[in-house]
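Structural overview for review
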Amino acid sequence: MTSAKKSVLKRIVVIIIAVLIFFSAISMVATKIVYDNIFERYDTKIEIPATLSDMVNERERKEYYSGQNMLTGYLYRADINNSQNGLIIIAPGFHAGTDNYLWQIKSLLDYGWSVFVFDTTGSCESEGESSVGFAQILPDMEATIKYIEKNNRFGYNDIVLLGHSRGGYAACCALEYDYDIAAVISVSGINSAMEGVIGSAVDYVGPLAYGNYGFLWMYQAMLFGSKTLNTNADEAISNSDVPVLIIHGENDTEVPLDEFSIISHSDEITSKKVEYLICSEPYQNGHTDLLFNKDGTANDKLMAEINDFLIKNIN
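Residues numbered from 1 in each chain as written. Predicted model: local features only at pLDDT ≥ 70, side-chain atom pairs only at ≥ 80, totals over all residues. Heavy atoms only, no water.

**Observations concerning the overall build of the protein chain**
When helices and strands are counted, the protein chain shows eleven helices and eight strands. Evaluated residue by residue, the protein chain yields a buried proportion of 54% over its 315 residues. If you take every contact in the protein chain between residues at least 6 apart in sequence, the share linking residues at least 24 apart comes to 74%. For the protein chain, the exposed surface amounts to about 15300 Å²; the carbon and sulfur share of it is 53%. (Helix = DSSP H or I, 4+ residues; strand = E, 2+ residues; numbered from the N terminus. Buried < 20%, exposed > 50% of the residue type's maximum accessible area, 1.4 Å probe, protein only. Contact = heavy atoms within 4.5 Å. Areas by Shrake-Rupley, 256 points an atom, 1.4 Å probe, with all protein chains shown as cover.)

Structure, rendered in structure tokens:
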């Protein structure tokens, strides 16, 4: 090969590398912009129904740290004369706060279960300039469990994890760690952080999100570490002998039943202590509406199923 041809080839290679670097830089910047928009701080104020005002007024406010941010949680104690002596920790979904689940809390209290619910980092009454990312709920859940354990479980024997959507993912993933958990209930749960992020990114930029999959993974790994990012619900369930109830709506369009959901990975779950409940009732078979009756109160049938599961699996 002549020196002239070598020189031309070298210039072509340099140009190709420069173009790749340029587009990689653009993709990384675009990824961060989209990511930060998805996980910006979330604040909302829920109007408290008058019929629940006494319940809300009697709750106990708790504050504790997750990393550098102070989280806010609330403890609702069941009537001591009707108590199951169990505490249910509710992990909220994305863009939801403690007061989004007041009717479900009331139902659980009526069944005799005490409840602890918390706002995640960057949401509602908890600190944080942003909600950081999908996987942030894992360290928030860990901080919550450790805080409750440190405070002698507030006097309760059994700890149950109940999560909705992102919270359902966190409730199952907590089984990966050495906590004394009596049971787990996941409602509309998503299986992994990457599936959650890709689903949200597609809503912003369409199928282009899949082209940036690698950058999304790297950015999250920088934020949370690869171990946290690679903690998936199906694997955590399979590695545990804790009873788990997986609930999902057949018409869920946010976390479709056949993709992203924990149920879509059921063939990979090896635990023998898992039960599945698919909600098919019209107007109670979606991502969030499965939790509610038409009048906005808690879905009585679903809450009864949850209580039956707990009574059956907790001594």
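That covers the picture; the talk isn't over yet.
**Looking at the layout of surface pockets**
Volume-wise, the second largest pocket comes out at about 200 Å³. Around the second largest pocket, the lining residues are Leu277, Ile278, Cys279, Ser280, Glu281, Gln284, Asn299, Lys301, Leu302 and Glu305. Counting residues per element, the ones that place at least two in the lining of the second largest pocket are strand S8 (274-279) and helix H11 (300-313). Of the residues in the lining of the second largest pocket, the class split is four nonpolar, three polar and three charged. (1 Å grid on protein atoms, 1.4 Å probe; cavity = no way out; pocket = protein on both sides within 12 Å on 5 of 7 lines; lining within 4 Å. Points joined across faces, edges and corners; volume = space filled by probe spheres on them. Nonpolar A, V, L, I, M, F, W, Y, C, P; charged D, E, K, R; others polar.)

**Description of the nonpolar core**
Counting 56 residues, the largest nonpolar core has Met141, Leu161, Tyr169 and Ile237 as the members making the most contacts within it. Per-element accounting of this core gives the leading share, seven residues, to helix H4 (residues 137-150). Apart from the residues lying within four places of it in its own chain, the contact partners of Leu161 are Ile89, Met141, Ile145, Ala171, Ala174, Ile181, Ala183, Val184 and Ile185. Counting 37 residues, the second largest nonpolar core, distinct from the first, contains Ala78, Leu109, Leu290 and Ile306. (Core = buried A, V, L, I, M, F, W, Y, C linked by side-chain atoms within 4.5 Å.)

**Here's the deal with a negative patch on the surface**
Side chains of Glu176, Glu235, Asp267 and Glu268 sit close together on the surface and give a patch of like negative charge. Note on placement: Asp267 falls in the loop between strand S7 (244-249) and S8. (Patch = residues over 30% accessible without salt bridge, like charges linked within 9 Å, V, L, I, M, F, W, Y side chains within 5 Å. Salt bridge = Lys/Arg side-chain N within 4 Å of Asp/Glu carboxyl O. Lys, Arg positive; Asp, Glu negative; His and termini not counted. Charge placed at Lys NZ, Arg CZ, Asp CG, Glu CD.)

**Topic: empty space enclosed by the protein**
On inspection of all chains with the given rule, the structure shows one cavity of 30 Å³ or more. If you add up the space inside the largest cavity, you get close to 60 Å³. The wall of the largest cavity is formed by Ile90, Tyr101, Gln104, Leu108, Leu162, His164, Leu291, Met303 and Ile306. Taken together, the elements giving at least two residues each to the lining of the largest cavity come down to helix H3 (102-110), strand S5 (158-164) and H11. Looking at the lining of the largest cavity, its residues break down into seven nonpolar, two polar and no charged.

**Digging into helix H8 (residues 213-224)**
Taking 1.5 Å per residue, twelve residues should reach 16 Å; H8 reaches 16 Å between its end C-alpha atoms and fits that length. Where H8 is concerned, the buried positions are Phe215, Leu216, Tyr219, Gln220, Ala221 and Phe224. Just past H8, the residue Gly225 takes up positive phi, approximately 90°. (Expected span 1.5 Å × (residues − 1).)

**A few points about unusual backbone geometry**
A positive phi angle is found at His95, which is not glycine, with a value near 60°. Summarising the element assignment, His95 is placed in the loop between strand S3 (86-91) and H3. Positioned with a positive phi, Ser165 is a non-glycine residue whose angle comes to about 60°. Topologically, Ser165 is positioned in the loop between S5 and helix H5 (166-173).

Read these as geometric descriptors, not functional statements.
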